[in-house]
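Here are the chains, one letter per residue:
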Amino acid sequence: MTSGQKRSGLLIIFEGIDGTGKSTQVQLLSEALREQGCEVVTTFEPTAGPFGKKIRALFTNRASLSQEEELALFMDDRRWHVQELIAPALATGKIVISDRYYFSTAAYQGAAGFDPEQIIADNETFAPVPDCVLLLEAPVALGRRRIEESRQEDPNDFEKEEGLRKVSAVFTALKRDYIKRIDASQSIEAVWAAIWAQVLPLLTERGLKVK
Ligand code: TYD
């Protein structure tokens, strides 16, 4: 299913560099939507499917793969995600909220040297274009500090500061009407308020009554 095809559900994506609080906000949004009576499916990438598992196993030693192989793995994982989870849920009218999607490939593999716009175009041959991308933006140093504090662990190969600066720059350069920038350096409550302000109009557009 691509952007031109009809679907009844809603696809909302959270993007941003590591440590911007995506998973907390995914949780808050899914709870708020369920309270509104919506059927919500929350999901994430890299997935828990066969390719996602392979990617996670490689986290600590990214150099064991060529950049081409790494990009191919993320694409395979996305195909699996769309086919097994996203497309069926959208077809039955559910709201799908995903922690990462193809904008992460554009930003991370784009930072590694691939053309971000080409990555987006390749993904859009098979992956539904989202209704809304909530791009959580915060300084790289802040994200890194949050990772270290919350997980009490060193950043993995994807999370090294210099690389993340490049990733962040690609995210910032992405321009689409449906990409909404959120200042994620604020408190959890303030970030949440900014997110809800973006999502509410989508619900009313779909004729969903908001309590
Ligand atoms: P992350 O969301 O941090 O997973 P978790 O919170 O479970 O550790 O994703 C892992 C890393 O994968 C993250 O640093 C970004 C990277 N990534 C890519 O490089 N390309 C992609 O297409 C995706 C989806 C993720």
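Heads up: the structure comes first, above all this text.
Notes on the structure follow.

A word on the overall build of the protein chain
Part 1: When helices and strands are counted, the protein chain shows 8 helices and 5 strands.
Part 2: Against the globule reference of 17 Å for 211 residues, the protein chain gives a C-alpha radius of gyration of 17 Å, in line with a compact fold.
Part 3: Taken over 211 residues, the protein chain has a buried fraction of 46%.
Part 4: Only carbon and sulfur atoms are counted for the fraction: they give 52% of the accessible area of the protein chain, which is about 10200 Å².
Part 5: For the protein chain, the distance from the average site of its 26 positive side-chain charges to the average site of its 31 negative ones is 4 Å.

Some remarks on the pattern of salt bridges
Any two side chains of opposite charge can pair, on the condition that their charged atoms come close.
Part 1: In the structure shown here, the tally under the stated rule is 7 salt bridges.
Part 2: Of the charged contacts, one joins D76 and R79 as a salt bridge, the two residues approaching to 3.4 Å between their closest N and O atoms. Within this pair, D76 and its partner R79 are both found in helix α3 (residues 67-91), separated by 3 residues, close to a single helical turn.
Part 3: A relative accessible area of 28% means that D76 is categorised as partly exposed.
Part 4: Given a relative accessible area of 38%, R79 falls into the partly exposed group.

Digging into the site of the ligand
Part 1: As a structural note, the neighbourhood of the ligand is formed by 13 residues, with D18, R56, R100, T105 and Q109 the closest of them.
Part 2: Within the side chain of R78, an N or O atom sits 3.3 Å from an oxygen atom of the ligand.
Part 3: For the ligand, an oxygen atom lies 2.6 Å from a polar atom in the side chain of T105.
Part 4: For the ligand, whose accessible area on its own is 550 Å², the fraction buried by protein is 85%.

Focus: the packing of aromatic side chains
Part 1: Throughout the structure, instances matching the rule amount to 6 aromatic pairs.
Part 2: Note on F103 and Y178: the rings are 6.2 Å apart at their centroids and 65 degrees apart in plane angle, and the pair reads as edge-to-face. Here Y178 lies in the loop between α7 (161-173) and β5 (179-183) and F103 lies in helix α4 (residues 102-111), a separation of 75 residues in the sequence.
Part 3: A relative accessible area of 15% means that Y178 is categorised as buried.
Part 4: One aromatic cluster is present, formed by Y101, Y102, F103 and Y178 through successive ring pairs.

Quick notes on α4
Part 1: Most of α4 sits out of view: 10 of its 10 residues are buried.
Part 2: Every buried residue of α4 is listed here: Y102, F103, S104, T105, A106, A107, Y108, Q109, G110 and A111.
Part 3: Contacts made by the buried residues of α4 are with β1 (10-15), α3, α5 (116-123), β4 (132-137), α7 and β5.
Part 4: Once α4 ends, the next one or two residues include G113, with phi positive near 125 degrees.

As for α5
Part 1: Where α5 is concerned, the buried positions are I119, I120 and N123. Take α5 and look down its axis: the buried residues cluster within an arc of 100 degrees, on one side only.
Part 2: Looking at the buried positions of α5, the neighbouring elements they touch are α3 and α4.
Part 3: For α5, the capping residue at the N-terminal end is D115, with a side-chain oxygen 3.1 Å from the backbone nitrogen of E117.

Some details on unusual backbone geometry
Part 1: Backbone torsion omega between E45 and P46 reads -10 degrees, so that peptide bond is classified as cis.
Part 2: Positionally, P46 belongs in the loop between β2 (40-44) and α2 (50-58).
Part 3: Positive phi outside glycine occurs at R100, with the angle close to 85 degrees.
Part 4: Relative to the helices and strands, R100 is located in the loop between β3 (95-99) and α4.
Part 5: The buried category is assigned to R100, whose relative accessible area is 12%.

The rules behind each value
Residues numbered from 1 in each chain as written. Predicted model: local features only at pLDDT ≥ 70, side-chain atom pairs only at ≥ 80, totals over all residues. Heavy atoms only, no water. Helix = DSSP H or I, 4+ residues; strand = E, 2+ residues; numbered from the N terminus. Rg over C-alpha atoms; globule rule 2.2 N^0.38 Å. Buried < 20%, exposed > 50% of the residue type's maximum accessible area, 1.4 Å probe, protein only. Areas by Shrake-Rupley, 256 points an atom, 1.4 Å probe, with all protein chains shown as cover. Lys, Arg positive; Asp, Glu negative; His and termini not counted. Charge placed at Lys NZ, Arg CZ, Asp CG, Glu CD. Salt bridge = Lys/Arg side-chain N within 4 Å of Asp/Glu carboxyl O. Near = heavy atom within 4 Å. Polar contact = N/O pair within 3.5 Å; in protein donor to acceptor, adjacent residues only side chain to side chain. Phe/Tyr/Trp six-rings, centres within 6.5 Å; stacked < 30°, edge-to-face > 60°. Contact = heavy atoms within 4.5 Å. Arc of directions from axis to C-beta.

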